[in-house]
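# Observations on the three-dimensional arrangement
The lines below spell out each chain.
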Amino acid sequence: MSGEIPRLLKSYRSIYVMMLIIAVALTLSHASCSKDDEHPVPYVHIHFEFNVIHYNLSNPGMSHQFLREESGGYRGIFVYRVSTDQFRAFDRACPINPHSCTLSISEDSAVLVGADCSEAVFSLLDGSPVSGTSNYPLREYRTYFNSQTNRLLITH
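Our subject in this report is the structure included herewith. (Residues numbered from 1 in each chain as written. Predicted model: local features only at pLDDT ≥ 70, side-chain atom pairs only at ≥ 80, totals over all residues. Heavy atoms only, no water.)

## Overview of the sheet that holds strand β7 (residues 121-123)
One open sheet accounts for four strands, arranged β5-β6-β7-β8; its pairing is antiparallel. Every other strand in the sheet has two partners, leaving β5 (103-105) and β8 (129-131) as the edge strands with one partner each. Across the sheet, the axes of successive neighbouring strands diverge by a mean angle of 35 degrees, strand direction being ignored. The pairing of strand β6 (residues 112-115) with β7 spans three bridges and is classified as antiparallel. Within the sheet, the bridge partner assigned to Gly 114 lies in β7 and is Val 121. (Pairing = 2+ DSSP bridges. Helix = DSSP H or I, 4+ residues; strand = E, 2+ residues; numbered from the N terminus. Axes fitted to C-alpha atoms, helices over the stretch in contact; angles between N-to-C directions.)

Right, dumping it as structure tokens:
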């Protein structure tokens, strides 16, 4: 019987450690979802696919802005070609005032976007604010590129 108590304690410790790991994982999972929910640009489901050649996105450093009616997103989508096979896609809603402010690609740079309703400027390289008062980056969408068909899929 004396050997059974240490074995039970060891078993309880294993269960405790496993439960602790699960609790930490759930907390981290909830924190990442909560952070996404806190972003000022509302979450919208998106599934948009197109041929990049048709929108002048054939070379790295090029960008294009799509209207909401064309692509979805909350206020439309920006697409920036980072490299031969890597793209970034962001919502055109300004995080400062997403319900009434739409960003546009700068006439001076294909990598910067700004708003006429604020002084905010964001980078299409990573969505981060470059100037202005935004505490949030642009809302980013996932991209999947098929180099054989030149088709880009954008989802959330």
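## Here we look at the pairing of strand β3 (residues 77-81)
Counting buried residues along β3, five of its five residues qualify, which places the element largely inside the surrounding structure. What you see with β3 is no split at all: Ile 77, Val 79 and Arg 81 on one side and Phe 78 and Tyr 80 on the other are buried throughout. Relative to β3, strand β2 (residues 63-66) runs antiparallel, the two sharing four bridges. Bridging across to β3, Gln 65 finds its partner in Phe 78. With five bridges connecting them, β3 and strand β4 (residues 87-91) associate as antiparallel partners. (Buried < 20%, exposed > 50% of the residue type's maximum accessible area, 1.4 Å probe, protein only.)

By themselves these figures say nothing about function.
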